[in-house]
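Architecture at a glance
Spelled out from the first residue to the last, the chains are:
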Amino acid sequence: MKKLDYYRFRIIKDYVAHFLVYLSLVAALIPLFSILYEVVQRGISAINLNFFINPTPTVGEKGGGVANAIQGTLITMGFASLIGIPVGLMSGIFLSEYSEHKLSMVIRFFNDVLSGIPSIVIGVFAYALIVRSIGFSVIAAAFALAIIMVPIVTRTTEEALKLVPLSLREAAIALGVPRWKTVATIVLRSAKKAVVTGMLLSIARIAGESAPVLVTMGYWRWWFASLNRPAANLALNVFVFAMSPFESWIVLAWGSALVLILLVLGVNIAVRVLTKERY
Amino acid sequence: MAPKFEIEDLNAWFGSKHVLKNINMKIEENAVTAIIGPSGCGKTTLIRCLNRMHEITPGARISGKVLFNRVNIYGNGIDPVMIRRKIGMVFQKPNPFPMMSVYDNVAAGLKLNGIRDKKNLDEVVRRSLELANLWDEVKDDLNKSGASLSGGQQQRLCIARALAVEPEVLLMDEPCSALDPIATAKIEALIRKLAENYTVVIVTHNMQQAARVSDYTAFLYLGELIEYGPTKQIFENPKHELTERYLTGEFG
Amino acid sequence: MSRIIDSGLEELSATLHKMGELAYRAVLAAIIECVENKQVYSEICEISDALVLMADNVEDKAFELIARFQPVASDLRTIKSYMKIAYDFARFGRYALDVSYTNQKLGGIGNCDAWMISHVKEMGEKALKMINLSITSLRSHDAQLAEKVAQTEREIDKMYFDFLNKLIERADTTTKCAISSVLIVRYLERIADHVTYICESIIYIATGRKVVLR
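Just so it is clear, the model here is predicted, and its values are computed rather than measured.

1. Quick look at the sheet that holds strand β9 (residues 216–221) of chain B
Residue and element names in this part refer to chain B. Here six strands make up an open sheet; going across it, the order is β6-β7-β8-β3-β9-β10 and the pairing mixed. The sheet terminates laterally at β6 (87–90) and β10 (224–230), the two strands that pair on one side only. When the angles between neighbouring strand axes are averaged without regard to direction, this sheet yields 15 degrees. One ladder, built from four bridges, connects strand β3 (residues 32–36) with strand β8 (residues 199–203); its direction is parallel. Note that in β8 the partner of valine 32 across the bridge is valine 200. Contacting β6 and β7 (169–173), helix α6 (residues 151–164) crosses the sheet at an angle of about 170 degrees to β6.

2. So, the domain arrangement of chain A
Often, the extent of an interface is quoted as the loss of accessible area upon association of its parts. Residues and elements named next belong to chain A. Segmentation of chain A into domains returns domain 1 (2–46) and domain 2 (52–274). Each of domain 1 and domain 2 was reduced to a C-alpha centroid, and the two centroids are 33 Å apart. Each side of the interface is counted separately: domain 1 has nine residues, and domain 2 has six residues. Interface area for domain 1 against domain 2, summed over the two sides, is near 640 Å², with a carbon-plus-sulfur share of 90%. Three residues, Val39, Arg42 and Ala46, lead the burial of domain 1 against domain 2; their summed loss comes to 59% of the area buried on that side. Here domain 1 and domain 2 share zero salt bridges between them. Linking domain 1 with domain 2 are zero residue pairs in polar contact (both at pLDDT 80 or more). Split into classes, the residues belonging to the side of domain 1 that touches domain 2 amount to five nonpolar, two polar and two charged.

3. Observations regarding the sheet that holds strand β4 (residues 60–68) of chain B
All names here are of chain B. Read across the sheet, four strands follow the order β2-β1-β4-β5 without closing on themselves; strand pairing throughout is antiparallel. Whereas interior strands pair on both sides, the edge strands pair on one side only; in this sheet they are β2 (17–27) and β5 (71–72). The sheet contact formed by strand β1 (residues 5–14) and β2 spans seven bridges and is antiparallel. The partner of alanine 12 across the bridge, within β2, is leucine 20. Sitting on the sheet, helix α1 (residues 43–50) is in contact with β1, β2 and β4, with an inclination near 120 degrees to β1.

4. Some remarks on the side chain of asparagine 51 of chain B
All names here are of chain B. If you trace the backbone, asparagine 51 turns up in the loop between α1 and β4. Asparagine 51 sits in the buried class, given a relative accessible area of 0%. Residues within four places of asparagine 51 in sequence aside, it is in contact with Ile83, Arg84, Ile87, Met89 and Leu171.

5. Remarks on the interface of chain B and chain A
At the junction of the two partners, chain B supplies 27 residues and chain A supplies 17 residues. The largest contributions to the chain B side of the interface with chain A come from Phe97, Met99 and Leu112 of chain B, which together make up 33% of the buried area. Joining chain B to chain A, the criterion identifies one salt bridge. With a closest N to O distance of 2.6 Å, arginine 48 of chain B and glutamate 170 of chain A form a salt bridge. There are four residue pairs in polar contact (both at pLDDT 80 or more) connecting chain B and chain A. Of the residues in the side of chain B that touches chain A, the class split is 14 nonpolar, eight polar and five charged.

6. Here we look at the packing of aromatic side chains
All names here are of chain C. Under the definition given, this model contains 15 aromatic pairs over all chains. Their ring planes at 45 degrees and their centres at 6.2 Å tell us that tyrosine 41 and tyrosine 101 sit as a pair that is tilted. With tyrosine 41 in helix α2 (residues 41–69) and tyrosine 101 in helix α3 (residues 73–106), this residue pair connects regions lying 60 residues apart in the sequence. You can call tyrosine 41 partly exposed: its relative accessible area is 25%.

7. Remarks on the packing of helix α5 (residues 143–170) of chain C against helix α6 (residues 175–207) of chain C
Residues and elements named next belong to chain C. The interhelical angle for the contact between α5 and α6, taken along N-to-C directions, is 165 degrees, at an axis separation of 9 Å. As far as their axial angle goes, α6 and α5 are roughly antiparallel. Taken as a pair, α5 and α6 cross one another with a handedness that is left-handed. A breakdown of the residues in the contact of α5 with α6 according to their chemical character gives 18 nonpolar, three polar and six charged.

8. Structural notes on a nonpolar patch on the surface
Residue and element names in this part refer to chain A. On the surface, Leu103, Met105, Val106, Phe109, Phe110, Val113, Ile117, Ile120, Val121 and Val124 cluster together into a nonpolar patch covering about 870 Å² of accessible area. When residues of the nonpolar patch are traced back to their parent elements, those giving at least two are α4 (102–116) and α5 (119–134). Residue contributions to the nonpolar patch peak at six residues, all from α4. The residue isoleucine 117 is located in the loop between α4 and α5 in this model. For isoleucine 117, a relative accessible area of 31% gives the class partly exposed.

Cut-offs used in this document
- Residues numbered from 1 in each chain as written.
- Chains lettered and ligands numbered in written order.
- Predicted model: local features only at pLDDT ≥ 70, side-chain atom pairs only at ≥ 80, totals over all residues.
- Heavy atoms only, no water.
- Pairing = 2+ DSSP bridges.
- Helix = DSSP H or I, 4+ residues; strand = E, 2+ residues; numbered from the N terminus.
- Axes fitted to C-alpha atoms, helices over the stretch in contact; angles between N-to-C directions.
- Contact = heavy atoms within 4.5 Å.
- Domains from an automatic or database assignment.
- Buried area = accessible area lost by both parts, 1.4 Å probe.
- Salt bridge = Lys/Arg side-chain N within 4 Å of Asp/Glu carboxyl O.
- Polar contact = N/O pair within 3.5 Å; in protein donor to acceptor, adjacent residues only side chain to side chain.
- Nonpolar A, V, L, I, M, F, W, Y, C, P; charged D, E, K, R; others polar.
- Buried < 20%, exposed > 50% of the residue type's maximum accessible area, 1.4 Å probe, protein only.
- Phe/Tyr/Trp six-rings, centres within 6.5 Å; stacked < 30°, edge-to-face > 60°.
- Parallel < 35°, antiparallel > 145°, perpendicular 65-115°, else oblique.
- Left-handed = near helix turned anticlockwise from the far one by under 90°.
- Patch = residues over 30% accessible without salt bridge, like charges linked within 9 Å, V, L, I, M, F, W, Y side chains within 5 Å.
- Areas by Shrake-Rupley, 256 points an atom, 1.4 Å probe, with all protein chains shown as cover.

Structural data, given as structure tokens:
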């Protein structure tokens, strides 16, 4: 009799645990889906052909689009990645391969500090360093965004490389492959998926950054002109349009938000497809 | 016949731990030399000193000489990378590169060292797999992942990979300890075959395996070389009491 | 798949066949000596010594195989039997030497009655044929042939007692001839016994059955 009670108790515990797990899952998904729902519902009305081929409208102008903002965002992100990813990747490799090195301890500490610095502070830093000499520009914004990327890429690369089993490195080294080549080929290839995921995370992170862009890029509603001039930006579009008094601009803000989300999603999917395991 | 290796006063440390003490031994060419002894006696360290793999562990160092073809591999101006191409290694756990096909695994050593000629690679891959008694089993699956093979096949793949760079010596660190008896028997037969053209040094914690595959056996205990001689003599008539006691299972 | 132990077993069996041939040659020489009154003692002595040495080698090699390769089942039966067979072959050499020794020391039967010579010759030929067949059956581990060979042993036994009876009946020969001839047929009879042991060993290798064929 007692045994049966115990058995029942166990079954109940099992149900409760299951219930809590599913509840947490739903709780985690609700904000995500409500954001998606809201953005899609409100932004979809802004979407049409003009939206994708026209630049920012002037005040009072009907129609207009975000084509220049997409262009500017992509260029800025690309330029930031060009600086941030190599630096982060190499620091990550150094940290994982020379884990015991004294310099590694220092780098790791400051990397952690860097990743905790608010992005607006980084923006102000870039402002002081670059904007004050060459003015609001894509270069300044990309520089600020790159600084945000570096700690993310460094940390994820280090973690990913450390997960590659020692036996694989030894296998390569025992074949007479020099160490740098072992890291560049065998180790990086084994950790490819995780490393690329880290890069993707960092790109997704900067795609939506608006504060540092605000203080380094300034506002620009024309097509991209030059790297040392400002460029339009989707995140800034959301910021500027959403606070405007014009109904048509508010719609554009929702549209920009939707495009931003689709962009991040697109990058995600593209990388998933590209890094798909062959085996 | 000159010995392939002459080890002179070899000492090895991990940090402050003295793991090999004054090892002196000669390893014969084109023969199988087995190194046996209880866990932690320094067997693995000893063979890792033979192709300079010991030093890649942080805090590891050695003193003494290891003459390979009469040249001290720890001498000035000796490139460890070149040494490792001449002296291949097979590890305890089969470790094919998981993101590479069977073909690429075997070709890895050459490709990573810059050889790209397809015809040449094809030939080397085939020859190495045949030598490792694996060709017949994988010839239709060369593009499959190396990790998709069975454990025993993976280990033979690792042997083929090591053979592809045309080493003179094959060091094997407990190559069968993760394998079942049938796969083990296949590897052992393969080792005998390889001994016709290669110098093989095998570490094993299975003394029956040492008895089966080796021509010479070295018994290591607490970092010291206790006894070394022809396998037949070590197993039938050991000279040292410790060897006798280890072989008869009194300790170990 | 060829196994590591196989090369050792092959080596053993090759040594054994060489021993068989030598043993055959020794017995043949001893019989020719008896019948034709030739001097071959030193040659047989050499062969016999070689056989003893080889039997020792077979034992050593067998021990090595046991110590190193953990033989089981048919491998173990083979090794155990090969050791015994090697001893049997060494005995052939020893008996051939005894026959030759008898010829040397006692003068042999070359000048004795013709019936004695022909009887010894017939028995010797039969024994040689048995040795030959046992070597053949050893080569292929042929249990059936081994069983057949062992049958002949009874015939040799019969010939042995026939000879003794005849000798007693006639009692007209010299003591020297009598002693020599009795020893010689006795040795031949012992050789036939050892052939039977070999056959028993072959059957044991092939089937795992322990049989007594005498």
